[in-house]
Amino acid sequence: MSEVPDWQPAGIDVDTPSAARIYDYALGGAHNFAADRAAAAALYNALPEGDAWMVARANRAFLQRAVRYCCAQGIRQFLDLGSGIPTVGNVHEIAHQWDPACRVVYVDNDPVSVATTRHMLEGVPNAAMVDADIRNPEAVLGAEETRQLLDFSQPAAIVMCAVLHYVSFDDDAPAIVERYKSVLVPGSFLVISHTTDDPRPEVAAAIRKIFEETSTPVTHRNREQVTEFFKGLELVEPGVVWTPQWRPEDQSGPGYDYPERSATYAAVGRVPLP
Ligand SMILES: C[S@@+](CC[C@H](N)C(=O)[O-])C[C@H]1O[C@@H](n2cnc3c(N)ncnc32)[C@H](O)[C@@H]1O
């Protein structure tokens, strides 16, 4: 009989790959199952030159730069939607390096993400995990942890990195994003990264096919559709760009020399001051 790892929540479907666990594997994490690793291997083979790992690492590096940017702009509270399985450099770690008083609420609906994040946060002040579907903003915003830790009468950052592409056209992602934006006061930020089929439609088609077999099918959006999420906000320079191009801190980050191969748009918008 195979051994059940101590981080594995009871009753989960380990045979259907999930975005959270595939991404965990792509980042070098250990919270994944054979089905996730097989999907990750298929992705690796579908993308040229080992780009699958670069795409994940470039996205994660963008998220970390964006959090540092928001901290530098005075933001001290973060709502991280679709937060994933914790690896290194999670939002609360970056924010707490800046200011331990920063408050962070993570949200995910993958049971492994929820369990491992709760485990990571044991004894950590000013951070909490909400088990919710981001397509239900009322559940997220009304959750006890959100209401206790975040004060939306003050500027905040809502982070939606590599998650909106798991929200289908039928689920009306723009309306969901608008609802989250509606709680933000001037000086707040919206951080988004989103995969696209713009640069390589044939590769994107193969990726969509792989994700159709998972619990989290992928919906690609183009640059215009991603830009639309920032309607009414001021786009922070350099605007909507490939993840490695968003305010790189050095020239050695993942994908820096071939940013379009990330196939992931990244941007940060600010709620305008009156
Ligand atoms: C690729 S990971 C991204 C993790 C992290 N945001 C990052 O960029 O490093 C996507 C995460 O979104 C979560 N997710 C997808 N659809 C979701 C939904 N409807 N509600 C909550 N979480 C969702 C997945 O479970 C997964 O953990």
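Refer to the preceding data block for the structure.
Bear in mind the structure is a predicted one, so any value in this text is a computation, not a measurement.

Draft legend 1. Highlighting helix α8 (residues 173-181). Residues Ala173, Ile176, Val177, Tyr180 and Lys181 constitute the buried set of α8. Along the axis of α8, the buried residues cluster in a sector spanning 140°; they form a single face. For α8, the secondary structure elements touched by its buried residues are β1 (77-81), α6 (137-142), β4 (157-161) and β5 (189-195).

Draft legend 2. Molecular detail of the site of the ligand. The immediate surroundings of the ligand are formed by 19 residues, with Tyr23, Arg60, Gly82, Asp108 and Asp133 found nearest. Interatomic distance of 3.4 Å between a backbone N/O atom of Gly84 and an oxygen atom of the ligand. Of all the elements in the fold, those that place two or more residues in the shell around the ligand are α1 (19-26) and α3 (51-72). With 3 residues, the single largest contributor to the shell around the ligand is α3. Among the residues forming the shell around the ligand, the class breakdown is 9 nonpolar, 5 polar and 5 charged.

Draft legend 3. Focus on the packing of α1 against α3. At their nearest, the axes of α1 and α3 sit 9 Å apart, and the two run at 95° to each other. What the angle tells us is that α1 and α3 run roughly perpendicular. Here Tyr23, Tyr25 and Ala26 of α1 lie close against α3, whose contacting residues are Trp53, Ala56, Asn59 and Arg60. Here the residues of the contact of α1 with α3 are counted per class, giving 5 nonpolar, 1 polar and 1 charged.

Analysis parameters
Residues numbered from 1 in each chain as written. Predicted model: local features only at pLDDT ≥ 70, side-chain atom pairs only at ≥ 80, totals over all residues. Heavy atoms only, no water. Buried < 20%, exposed > 50% of the residue type's maximum accessible area, 1.4 Å probe, protein only. Helix = DSSP H or I, 4+ residues; strand = E, 2+ residues; numbered from the N terminus. Arc of directions from axis to C-beta. Contact = heavy atoms within 4.5 Å. Near = heavy atom within 4 Å. Polar contact = N/O pair within 3.5 Å; in protein donor to acceptor, adjacent residues only side chain to side chain. Nonpolar A, V, L, I, M, F, W, Y, C, P; charged D, E, K, R; others polar. Axes fitted to C-alpha atoms, helices over the stretch in contact; angles between N-to-C directions. Parallel < 35°, antiparallel > 145°, perpendicular 65-115°, else oblique.

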